[in-house]
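Breakdown of the fold
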Amino acid sequence: MKLRKRALAAGIIVPTILATLLSSGMAWRQLSRDTAVTADILMSQVDHVTSIARHASLVTARLATQPCESVLQQMTENGALTPYIRSTGLIRDGEVICSSVTGARQQSADEIFGVAVSAPTGKINVIATEGTSSVPGHVAVIYAYGAGNRTTAFSVVDARYVTDLMDSLDDENHSVQQLRSVMAPSFPGRRKSSHV
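My aim in this report is to walk through the structure given alongside it, one point at a time. (Residues numbered from 1 in each chain as written. Predicted model: local features only at pLDDT ≥ 70, side-chain atom pairs only at ≥ 80, totals over all residues. Heavy atoms only, no water.)

One finds Met75, Leu90, Cys98, Tyr143 and Val157 to be the most contacted residues of the largest nonpolar core, which totals 21 residues. With 4 residues, helix 1 (residues 2-61) is the single largest residue contributor to this core. Core analysis: the second largest hydrophobic core is formed by 14 residues, Phe113, Val117, Ile127 and Ile142 among them. (Core = buried A, V, L, I, M, F, W, Y, C linked by side-chain atoms within 4.5 Å. Buried < 20%, exposed > 50% of the residue type's maximum accessible area, 1.4 Å probe, protein only. Helix = DSSP H or I, 4+ residues; strand = E, 2+ residues; numbered from the N terminus.)

Below, the structure is given as structure tokens:
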């Protein structure tokens, strides 16, 4: 009788344990796949935005040798008609000398961006800031290109594009939470500079 009860209990418990382990393993594999797909989508979009911002900064850099008044319309069009770009402009010796937002009015770049914005000639720096004077409290990413002659061309991208994408993906699956913890040290909302 005891042997029969043990066999019956084992017949119920063992399959239950195996089914639980199998479903847990399958759930873990699905989560891993979801995380990989989400990371690919997110990184593809970040690459796309970065490519656009780099191009906008290079276009602005080509205007660096001319007076602001003669290139302001082209700069304003570059800033207004380029997707993801909040503004674009030129900084010389720490002063914004021409901008798609403020025109030829000169102002300290540190006051506008809250961080130093510069890049070595021919290089791009990517700088995160917690906001600008015109849009405080909204994280932005600045793509700064060293245009030479103590001049830096910049394009500002609102980080909201990436966070909105992360939120949208998070609605689809919960693997974004894992990506947030991986990306948190560098983006968005922290000041960080890196050469690209």
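From this point, things continue past the structure.
Any aromatic ring pair is given by two values, namely how distant the centres are and how the planes are angled relative to each other. Counted under the stated rule, the structure contains 1 aromatic pair. Ring centres of Phe113 and Phe154 lie 5.2 Å apart, and the angle between their planes is 75°; this geometry places the pair in the edge-to-face category. Here the residue Phe113 occupies a position in helix 3 (residues 109-113), and Phe154 occupies one in strand 6 (residues 151-158), the gap between them amounting to 41 residues. As far as the burial class goes, Phe113 and Phe154 line up, both buried. (Phe/Tyr/Trp six-rings, centres within 6.5 Å; stacked < 30°, edge-to-face > 60°.)

Positive phi values are uncommon outside glycine, yet Tyr84 reaches one of about 75°. Turning to its location among the elements, Tyr84 is positioned in the loop between helix 2 (68-81) and strand 1 (85-92). The backbone of Asn149 shows a phi angle near 55°, a positive value even though the residue is not glycine. Tracing the sequence through the fold places Asn149 in the loop between strand 5 (140-148) and strand 6. Take Asn149: its relative accessible area is 57%, and that puts it in the exposed class.

Applying the stated criterion across every chain yields a total of 2 salt bridges. Among the ionic pairs, Asp158 bridges to Arg86, the shortest N-O distance being 3.1 Å. Taken together, the positions of Asp158 in strand 6 and Arg86 in strand 1 put the pair 72 residues apart, joining distant regions of the chain. Across the pair Arg150 and Asp93 runs a salt bridge whose closest N-O atoms are separated by 2.8 Å. Pair noted here: Arg150 is in the loop between strand 5 and strand 6 and Asp93 is in the loop between strand 1 and strand 2 (95-99), with a separation of 57 residues, a long-range link. (Salt bridge = Lys/Arg side-chain N within 4 Å of Asp/Glu carboxyl O.)

This paragraph deals with the side chain of Asp158. By relative accessible area, Asp158 is classed as buried at 17%. Apart from residues no more than four positions distant in its own chain, Asp158 is found in contact with Tyr84, Arg86, His138 and Val139. (Contact = heavy atoms within 4.5 Å.)

Take the environment of Ala104 next. As for its position among the elements, Ala104 is in the loop between strand 2 and strand 3 (107-108). The exposure class assigned to Ala104 is partly exposed, which follows from its relative accessible area of 34%. Each C-alpha atom, one on Ala104 and one on Gly89, is 9.8 Å from the other, the two residues being 15 residues apart in sequence. Setting aside anything within four residues of it in sequence, one finds Ala104 in contact with Cys68, Glu69 and Ile97.

Before going further, it helps to spend a moment on the environment of Ser134. Note that Ser134 resides in the loop between strand 4 (124-129) and strand 5. A relative accessible area of 55% means that Ser134 is categorised as exposed. Taking the C-alpha atoms as reference points, Ser134 and Val101, 33 residues apart in sequence, are found 9.2 Å from one another.

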